[in-house]
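Chain and residue survey
What follows is the residue order along each chain.
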Amino acid sequence: MTELKVSAIREGTVIDHIPAGKGLKVIEILKLGRLSNGGAVLLAINVPSKKLGRKDIVKVEGKFLSEEEVNKIALVAPTATVNIIRDYKVVEKFKVEIPDIIEGILRCANPNCITHYEYVTTKFYVISREPLKVRCHYCERTMEEEEILANL
Amino acid sequence: MDWTGRDVISIRDFSKEDIEFVLSTAERLERELKEKGHLEYAKGKILATLFFEPSTRTRLSFESAMHRLGGSVIGFAEASTSSVKKGESLRDTIKTVEQYSDVIVIRHPKEGAARLAAEVAEVPVINAGDGSNQHPTQTLLDLYTIKKEFSKIDGLKIGLLGDLKYGRTVHSLAEALAFYDVELYLISPEMLRMPKHIVEELKERGVKVYETSDLEAVIGELDVLYVTRIQRERFPDEQEYLKVKGSYQVNCKVLEKAKEELRVMHPLPRVDEIHPEVDKTKHAIYFRQVFNGVPVRMALLGLVLGVI
Ligand SMILES: [Zn+2]
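Please read all numbers here as calculations on a predicted model, not as lab measurements.

1. Quick word on the overall build of chain B
When you go through chain B residue by residue, the secondary structure sums to eleven helices and nine strands. Here the C-alpha radius of gyration of chain B, 19 Å, is about what a compact globule of 308 residues would show, namely 19 Å. For the C-alpha atoms alone, the extent of chain B along its principal axes is close to 55 × 45 × 40 Å. Summarising the internal contacts of chain B: among those between residues at least 6 apart in sequence, 72% fall at separations of at least 24. Counting every atom, chain B has about 13000 Å² of accessible surface; 47% of that belongs to carbon and sulfur.

The following block contains the structure:
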């Protein structure tokens, strides 16, 4: 099998082991299409992977992720690993993890939920990771994967 | 158990011990009220009732409860007559009203509004219904009614009839009943069955659950028949409503098959799901159920105010 060559980045983040097909969604939720530092964003789709069969990879130049951003990735791509690159070397590597409580990054799918009408930070309790299921702290409605992805 | 300052937002926040504590406190207050006629526990305390959508019965029940505890009541019954109409946020309304009161009861058309109000307010907040989400005091008074009629809840066979899909009261009642050793008969038109996730949760929690659309086939088994209205306003589609409207009517003929001890409950108001001829039978307890709302709400008000 030939190794796929994607140019290395000097400083930034490599998000690896994204389930195949979810790479674009990762770029979308992190708003990497509008990266303000002028850095390059590289997306590899359907790369052969020992672990996943096929995977997507996202490389972002000159950007390190906040905890909130890592939590967002976890919801879209729970298998993802985050590599922090400095001077072309991986200096830190960790797996994303879905937190017990998701604050601020998700909209409630219930159109009648108070969070759509008042100034309030949304809050969801993760009631199951596989399949992904969360409950709104305010209206108590549960949301499943499809609705969660649509409301990130 | 110290409840001072506690909010009452969702039946999900309650443990079985909490429920039992409220029920026994209600029982004590009902007895004291009967003996003395009037209580003074909440003397000098003010309840604010904020009804952003009208619900006269619930509001009167809370007001009656506060007056019977010796306290007083302020509030509004319709958002259109208050500053809310001018576009004030719920947050600001709550921050203002709490300056005038010791406890707030809120009813609001948006789900989650009561939870938000409780987070904003320093004083305790009691949820009197938020959209189609929660109405915990209704559930507590339903449990109180069952317990008063049978001196127990464990061991009973309880039928929930009507709109089990959209019906808020039956969802939280079923969840609360899961704390007890009961058998639940879920009786509804096929289209209005109890949501699957609730049925699964009930089974996981060890409740024996039977689902059917045939009331007459199971009525002979039941100790309690809890009837709900099929609510037009909850239906996203009028056609869907018309198909199930009037699916059930509990009348004396239907009740011929029932056990002598069967108790028929209803959160009221009813439309045509219980014929008025049933009112005179010993089965009907829905007006006693209304009365029971007062001691239960007295208990909650007194507990969160820390005065009983
Ligand atoms: Zn919500």
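2. Some details on the UniProt feature "binding site: L-aspartate" (unreviewed entry) in chain B
Residues and elements named next belong to chain B. As annotated in UniProt, the feature "binding site: L-aspartate" (unreviewed entry) corresponds to Lys86, Arg168 and Arg229 in the numbering used here. Tracing the chain through its elements places arginine 168 in helix 6 (residues 168-177). Excluding residues that lie within four positions of it along the chain, arginine 168 makes contacts with Arg107, Gly129, Asp130, Gly131, Ser132, Asn133, Gln134, His135 and Arg234. Looking at where arginine 229 falls in the secondary structure, it is placed in the loop between strand 8 (224-227) and helix 9 (238-244). In contact with arginine 229, not counting residues within four places along its chain, are Asp163, His266, Pro269, Arg270, Val271 and Glu273.

3. A closer look at the coordination of the zinc ion
All names here are of chain A. Bound to the zinc ion are the protein donor atoms Cys108 (SG), Cys113 (SG), Cys136 (SG) and Cys139 (SG), situated 2.3 to 2.4 Å from the metal. Coordination at the zinc ion is tetrahedral: its four donor atoms span angles of 99 to 116 degrees at the metal. Going along the chain, you hit the donors of the zinc ion in the pattern C-x4-C-x22-C-x2-C. Considered together, cysteine 108 and cysteine 113 belong to a single accessibility category, that of buried residues.

4. Digging into the sheet that holds strand 9 (residues 263-265) of chain B
Residue and element names in this part refer to chain B. In spatial order, the strands read 7-6-5-8-9; together these five strands make up an open sheet with parallel pairing. Both edges of this open sheet fall to strand 7 (208-212) and strand 9, since each of them pairs with a single strand only. Taken over all neighbouring pairs, the strand axes of this sheet differ in orientation by 20 degrees on average, direction set aside. Against the sheet, helix 6 makes contact with strand 5 (157-161), strand 6 (183-187) and strand 8, and its axis sits at roughly 160 degrees relative to strand 5, the strand it touches most. This element, helix 7 (residues 196-204), spans strand 6 and strand 7 of the sheet and lies at about 150 degrees to strand 7.

5. Quick notes on helix 1 (residues 16-36) of chain B
Residues and elements named next belong to chain B. If you check helix 1, its first and last C-alpha atoms are 30 Å apart, about what 21 residues at 1.5 Å a residue would give, namely 30 Å. Within helix 1, the full set of buried residues consists of Asp18, Ile19, Val22, Leu23, Thr25, Ala26, Leu29, Glu30, Glu32 and Leu33. Lining the buried residues of helix 1 we find helix 2 (56-68), helix 5 (136-150), helix 6 and helix 11 (286-305).

6. Considering helix 11 of chain B
Residues and elements named next belong to chain B. With 20 residues, helix 11 ought to run about 28 Å at 1.5 Å a step, and its terminal C-alpha atoms sit 29 Å apart, in line with that. The buried fraction of helix 11 is high, at 16 of 20 residues. Directly after helix 11, the chain includes glycine 306, whose backbone phi takes a positive value near 70 degrees.

7. A few points about the packing of helix 1 of chain B against helix 5 of chain B
All names here are of chain B. Interaxial distance between helix 1 and helix 5 falls to 10 Å at its minimum, and their mutual angle equals 65 degrees. Considered as vectors, helix 1 and helix 5 are oriented roughly perpendicular to each other. The way helix 1 lies across helix 5 gives a crossing that is right-handed. For the pair helix 1 and helix 5, contact is made by Ile19, Glu20, Val22, Leu23, Ala26, Glu27 and Glu30 and by Leu140, Leu143, Tyr144, Lys147 and Lys148, respectively. Here the contact of helix 1 with helix 5 is composed, by residue class, of seven nonpolar, no polar and five charged.

8. So, the pattern of salt bridges
By the definition in use, this model includes 28 salt bridges over all chains. The partner of Glu69(A) in a salt bridge is Lys63(A), with the nearest N and O atoms 3.0 Å apart. Accessibility classification places Glu69(A) together with Lys63(A) in one group, the buried group. Here Arg115(B) ties to Asp13(B) by a salt bridge, and the two come within 3.0 Å at their closest N and O atoms. Linking Arg115(B) in helix 4 (residues 113-120) with Asp13(B) in the segment before helix 1, this pair joins segments that are 102 residues apart in sequence. For Arg115(B), a relative accessible area of 14% puts it in the buried group. Taken together, the shared-partner salt bridges in this structure form one network comprising Glu140(A), Arg12(B), Asp13(B) and Arg115(B).

9. Describing the UniProt feature "domain: Aspartate carbamoyltransferase regulatory subunit C-terminal" (unreviewed entry) in chain A
The UniProt record marks residues 102-148 of chain A with the feature "domain: Aspartate carbamoyltransferase regulatory subunit C-terminal" (unreviewed entry), using the residue numbering of this structure. What you have in residues 102-148 of chain A is 9% helix and 36% strand, and the ends, taken at the C-alpha atoms, are 11 Å apart.

10. Remarks on the packing of aromatic side chains
Residues and elements named next belong to chain B. Throughout the structure, instances matching the rule amount to seven aromatic pairs over all chains. With 5.2 Å between their ring centres and 55 degrees between their planes, tyrosine 166 and phenylalanine 235 make a pair best called tilted. Of this pair, tyrosine 166 sits in the loop between strand 5 and helix 6 while phenylalanine 235 sits in the loop between strand 8 and helix 9, placing them 69 residues apart in sequence. Note on accessibility: tyrosine 166 and phenylalanine 235 belong to one class, buried. Consider the rings of phenylalanine 235 and tyrosine 241, whose centres lie 5.4 Å apart with planes at 70 degrees: the pair is edge-to-face. There is no split in this pair, since phenylalanine 235 and tyrosine 241 are both buried. Put simply, the rings of Trp3, Phe14 and Phe21 touch in pairs and so form one group of aromatic residues. Geometry around phenylalanine 14 places arginine 6 over its ring, the cationic atom sitting 5.3 Å from the centre. In this structure, arginine 297 is placed above the aromatic ring of phenylalanine 62, and the distance from its NZ or CZ to the ring centre is 4.8 Å.

Rules used in this analysis
- In every chain, residue numbers begin from 1 and rise along the written sequence.
- The order in which chains are written sets their letters, starting at A; the order in which ligands are written sets their numbers, starting at 1.
- Local features are withheld for residues below a pLDDT of 70 in this predicted model, meaning they are given only at 70 or higher, and side-chain atom pairs are given and counted only at 80 or more; totals for whole chains, interfaces and linings count all residues.
- Where side-chain values are given, they derive from all heavy atoms of the structure, hydrogens and water being excluded.
- Helix and strand labels come from DSSP, where a helix needs a run of H or I of at least four residues and a strand needs a run of E of at least two; each type is numbered from the N terminus.
- For this measure, only C-alpha atoms enter the radius of gyration; the expected value for a globule follows 2.2 Å times N^0.38, where N is the number of residues.
- By definition in these notes, contact holds between two residues if any of their heavy atoms fall within 4.5 Å.
- To measure how exposed things are, a 1.4 Å probe is used in the Shrake-Rupley method; for residues, cover is taken only from the protein chains shown.
- UniProt positions are given in the numbering used here, feature names are shortened, and annotations may be inferred rather than shown by experiment.
- The donor definition counts N, O and S atoms within 2.8 Å of each metal and applies 3.2 Å to Na, K and Ca; water is not among these atoms, so some sites may look incomplete.
- Under the classification used here, a metal with four donors is tetrahedral if each angle lies between 85 and 135 degrees, square planar if opposite donors are over 155 degrees apart and the others between 65 and 115, a six-donor metal meeting that same test is octahedral, and anything else is irregular.
- The classification of residues rests on relative accessible area computed with a 1.4 Å probe and restricted to protein chains. Under 20% of the type maximum is buried, over 50% is exposed, and intermediate values are partly exposed.
- Only strands that DSSP links by at least two bridges are regarded as paired with each other.
- Each axis is a line fitted through C-alpha atoms, taken for helices only over the stretch in contact, and angles between the N-to-C directions span 0 to 180 degrees.
- In this analysis, the expected span of each helix is defined as 1.5 Å times one less than the number of residues it contains.
- Working rule for angles: under 35 degrees goes down as roughly parallel, over 145 as roughly antiparallel, 65 to 115 as roughly perpendicular, anything else as oblique.
- Whether a crossing is left-handed or right-handed is set by the direction in which the near helix is turned from the far one by less than a right angle, anticlockwise for left-handed and clockwise for right-handed.
- Here the term charged refers only to Asp, Glu, Lys and Arg, the term nonpolar to Ala, Val, Leu, Ile, Met, Phe, Trp, Tyr, Cys and Pro, and the term polar to all other amino acids, Gly among them.
- The salt bridge definition used is simple: a Lys or Arg side-chain nitrogen within 4 Å of an Asp or Glu carboxyl oxygen.
- In summary, the pairing rule links any two rings of Phe, Tyr or Trp, Trp by its six-membered ring, whose centres are within 6.5 Å, and it sorts them by plane angle into stacked for under 30 degrees, edge-to-face for over 60 and tilted for everything else.
- Distance and angle both matter: a charge sits over a ring if NZ of Lys or CZ of Arg is within 6 Å of the ring centre and within 35 degrees of the ring normal.

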